[in-house]
Amino acid sequence: CRVQQWDSEEPVPRAELLAAVAGKRGLLCLLSDRIDREVLEAAGPGLKVISTMSVGFDHLALDEIKKRGIRVGYTPDVLTDATAELTVALLLAVCRRLPEAVEQVKNGGWTTWKPLWMCGYGLSGSTVGIIGLGRIGQAVARRLKPFGVKKFLYTGSQPKPESAAEFEAEFVPLTRLAEESDFVVVTCALTPATQGMCNKDLFSRMKNTSVFVNTSRGAVVNQEDLYDALAHGRIAAAGLDVTTPEPLPTDHPLLSLKNCVILPHVGSATYATRSTMAVLAANNLLAGLQGQPMPHELLL
């Protein structure tokens with residue numbers, strides 16, 4: 001293969017992407033590259049394969065890609081464990097107020113032991129609601145179970161009795177999940193049905209002691225409604241690894257709240273996981289170019 005590479009950690013500028021993709025047979029892209037009709041037209045009819053180094057594919061114009069008969073490779077499974085670990089870490093950091101506590105140590109707020117100072121919420125005996133019991137949702141439940149979670153609820157497009165059996169998880173409507181859960185964890189894919197589903201209605205149904213965590217996609221959450229719920233104590237706290245936009249502007253209202261922990265989309269950020277993702281993305285591309293079955297193909 002003759003390879004033309006954008007050699008920077010920063011995303012390729014739009015104009016350079018449009019110029020460079022012309023006449024190419026294969027394209028390896030990242031989550032930060034928007035592959036839409038304009039890019040596909042710039043590439044021309046020779047483009048046969050797109051390989052994305054991600055499990056998500058909402059940055060790809062799938063209808064346009066399908067229309068042109070282009071094959072798509074992606075990297076599921078390999079980032080499941082890393083993202084599930086990060087989800088649990090974020091949940092614990094939020095419910096036990098770890099960033100706040102670290103700040104108290106640094107700024108002199110830690111003076112003496114006080115009975116209710118820095119108190120948060122524990123997992124033992126709790127009800128955890130998971131929105132999207134897919135690979136990552138199941139991996140999160142598997143890790144939370146040993147903490148003594150009393151009950152798992154889940155919701156999604158349809159029941160998954162075989163997956164749910166391991167956790168004795170109950171399939172419920174979103175409204176009931178919101179009302180009964182002490183922790184609401186979002187691990188679903190971004191689709192037209194899930195866009196903005198975590199909104200004022202959901203937050204108003206949650207307990208005022210509930211903790212909300214999202215490690216799926218930022219657009220699943222209405223951030224204005226989330227800010228309102230957090231600022232007025234309608235829910236206790238939130239942890240986000242994904243936002244809209246990314247990066248979140250440093251003056252965004254959510255960043256002013258003590259009860260909101262925001263990470264810079266680092267769900268899969270372990271050295272081993274990113275290396276495996278890169279190799280898989282390359283192998284998907286090479287297999288596609290040779291007309292062979294891809295290790296992981298997105299069937300359109």
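Here the residue numbering is sequential within each chain, running from 1 through the sequence in written order. Predicted model: local features are reported for residues with pLDDT of at least 70 only, side-chain atom pairs are reported and counted for 80 or more only, and whole-chain, interface and lining totals are derived from all residues. With hydrogens and water set aside, each side-chain value is computed from the structure's full complement of heavy atoms.

A word on the domain arrangement of the protein
Looking at the assigned domains, one finds that the protein contains domain 1 (14-77 + 270-298) and domain 2 (79-262). Note that the domain bounds reflect an automated or database-derived domain assignment. Centre-to-centre separation of domain 1 and domain 2, based on C-alpha positions: 31 Å. Contacts are assigned to residue pairs that have any heavy atoms within 4.5 Å of one another. Facing the 10 residues of domain 1 at the interface are 6 residues of domain 2. Defined here as a combined quantity, buried area equals the accessible surface (1.4 Å probe) lost by two parts on assembly, summed across both. In total, about 770 Å² of surface goes out of reach between domain 1 and domain 2, with carbon and sulfur atoms giving 56% of it. On the domain 1 side of the interface with domain 2, the three residues burying the most area are Val55, Asp58 and Asp77, jointly 56% of the side's total. One speaks of a salt bridge when a side-chain nitrogen belonging to Lys or Arg is within 4 Å of a carboxyl oxygen belonging to Asp or Glu. Viewed at the interface, domain 2 and domain 1 are joined by 2 salt bridges. One salt bridge in this structure joins Asp58 and Arg217, with 3.1 Å as the shortest N-O distance.

A short note on the environment of Pro159
Numbering of helices and strands runs from the N terminus; a helix is a DSSP stretch of H or I covering at least four residues, while a strand is a stretch of E covering at least two. Relative to the helices and strands, Pro159 is located in the loop between strand 5 (151-155) and helix 7 (161-165). Under the relative-accessibility criterion, Pro159 is labelled partly exposed at 45%. As a C-alpha pair, Pro159 and Leu116 span 43 residues in sequence and 41 Å in three-dimensional space. Apart from residues no more than four positions distant in its own chain, Pro159 is found in contact with Tyr154 and Phe171. Buried, partly exposed and exposed residues are distinguished by accessible area as a fraction of the type maximum, computed with a 1.4 Å probe on protein chains only: under 20%, between the cut-offs, and over 50%, respectively.

Structural notes on the sheet that holds strand 8 (residues 211-214)
Here, any two strands with at least 2 DSSP bridges between them count as paired. Taken in spatial order, the 7 strands make up an open sheet running 6-5-4-7-8-9-10, and their pairing is parallel. Every other strand in the sheet has two partners, leaving strand 6 (170-171) and strand 10 (260-262) as the edge strands with one partner each. Both strand 4 (residues 127-131) and strand 7 (residues 183-186) contribute to a ladder of 4 bridges, which runs parallel. Bridging across to strand 7, Gly129 finds its partner in Val184.

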